[in-house]
Amino acid sequence: MAKVLASIKELWHDRKRYFGLPWSFTRYALSEDRLFLRRGFLNIKQDEIVLYRIRDLRVTQNLWQRIFGVGTVHVVSTDKSIPQLDIKNVKQPFEVKELIHKTVEELKIKRRMRVGEMSMDVDDDSFDFEDNN
């Protein structure tokens, strides 16, 4: 993912695919603490989500995606700039989702964050813990 990420250890990377082939300038990468999205050829835009902000993951695969062996991983986060990120048309989407999930949980444990049900108020940075009674 170019020189910007050269010093960051990537756990996974892929490109958005068309007809199963990586004919795109949209690139995705996962490091130990962030999920990156980079778009463009001449004008490049790069976004990232800190993994501990990820709250939900889901995979969808329509018929055409199944035929070409790709799928979309939907990421829901508490990040203010990217509350939802779709990792579109990547190979092995179920494995990618599981890798992201595992990395998120390991990071939360490493940072001693509560792994259970936790929600964050989007308007401020205070945490609200849900009571499961």
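As the structure is a prediction and not an experimental result, all values here were calculated from the model. (Residues numbered from 1 in each chain as written. Predicted model: local features only at pLDDT ≥ 70, side-chain atom pairs only at ≥ 80, totals over all residues. Heavy atoms only, no water.)

Across the sheet, 3 strands lie side by side as E5-E6-E7; this open sheet has antiparallel pairing. Both outer strands of the open sheet, strand E5 (54-60) and strand E7 (84-91), are each paired with one neighbouring strand and no more. Taking each pair of neighbouring strands and ignoring which way they run, the sheet shows an average axis angle of 20°. When E5 meets strand E6 (residues 70-77), the two strands line up antiparallel, connected through 6 bridges. Bridge pairing in E6 links Val 59 to Val 73. The sheet strands contacting helix H2 (residues 93-110) are E5, E6 and E7, and the helix crosses E5 at an angle near 170°. (Pairing = 2+ DSSP bridges. Helix = DSSP H or I, 4+ residues; strand = E, 2+ residues; numbered from the N terminus. Axes fitted to C-alpha atoms, helices over the stretch in contact; angles between N-to-C directions. Contact = heavy atoms within 4.5 Å.)

Further remarks concern the confidence of the model for the chain. Residues of the chain with pLDDT of at least 70 account for 80%, and the chain-wide mean is 85. Overall, residues 119-133 carries pLDDT values under 50, and its contacts beyond four positions in sequence, including any with other chains, amount to 22 contacts. (pLDDT = per-residue confidence, 0-100.)

Note on soluble globular proteins: their nonpolar side chains tend to be buried together. Judged by nonpolar contacts, the single largest core of 20 residues is most densely connected at Leu 35, Ile 54, Val 73, Val 75, Leu 85, Ile 87 and Ile 100. Elements represented by at least two residues in this core include exactly strand E2 (26-31), strand E3 (34-39), E5, E6, E7 and H2. Among the elements that make up this core, the one with the highest residue count is H2 (4 residues). (Core = buried A, V, L, I, M, F, W, Y, C linked by side-chain atoms within 4.5 Å. Buried < 20%, exposed > 50% of the residue type's maximum accessible area, 1.4 Å probe, protein only.)

A few words now on the sheet that holds E3. The strand order across the open sheet built from 4 strands is E1-E2-E3-E4, with neighbouring strands paired in antiparallel fashion. Edge positions in the sheet fall to strand E1 (10-15) and strand E4 (45-50), since each of these pairs with one other strand and no more. Sheet twist, expressed as the average angle between the axes of neighbouring strands with direction ignored, equals 15°. The pairing of E1 with E2 spans 5 bridges and is classified as antiparallel. Residue pairing for E2: Arg 15 is matched across the bridge by Arg 27.

So, about the environment of Leu 35. Along the polypeptide, Leu 35 turns up in strand E3. Linking Leu 35 and Ile 54, residues 19 residues apart in sequence, is a C-alpha distance of 9.5 Å. Each residue touching Leu 35, except ones within four places of it in the same chain, is listed here: Ala 29, Leu 30, Asp 47, Glu 48, Ile 49, Leu 51, Ile 54, Val 75, Leu 85, Ile 87 and Ile 100.

A positive phi angle is found at Phe 19, which is not glycine, with a value near 55°. Looking at the secondary structure, you find Phe 19 in the loop between E1 and E2. Residue Phe 19 is classed as exposed on the basis of its relative accessible area, which comes to 61%. Backbone geometry places Gln 92, a non-glycine residue, at a positive phi of 50°. Here Gln 92 shows up in the loop between E7 and H2. Judged by its relative accessible area of 51%, Gln 92 is exposed.

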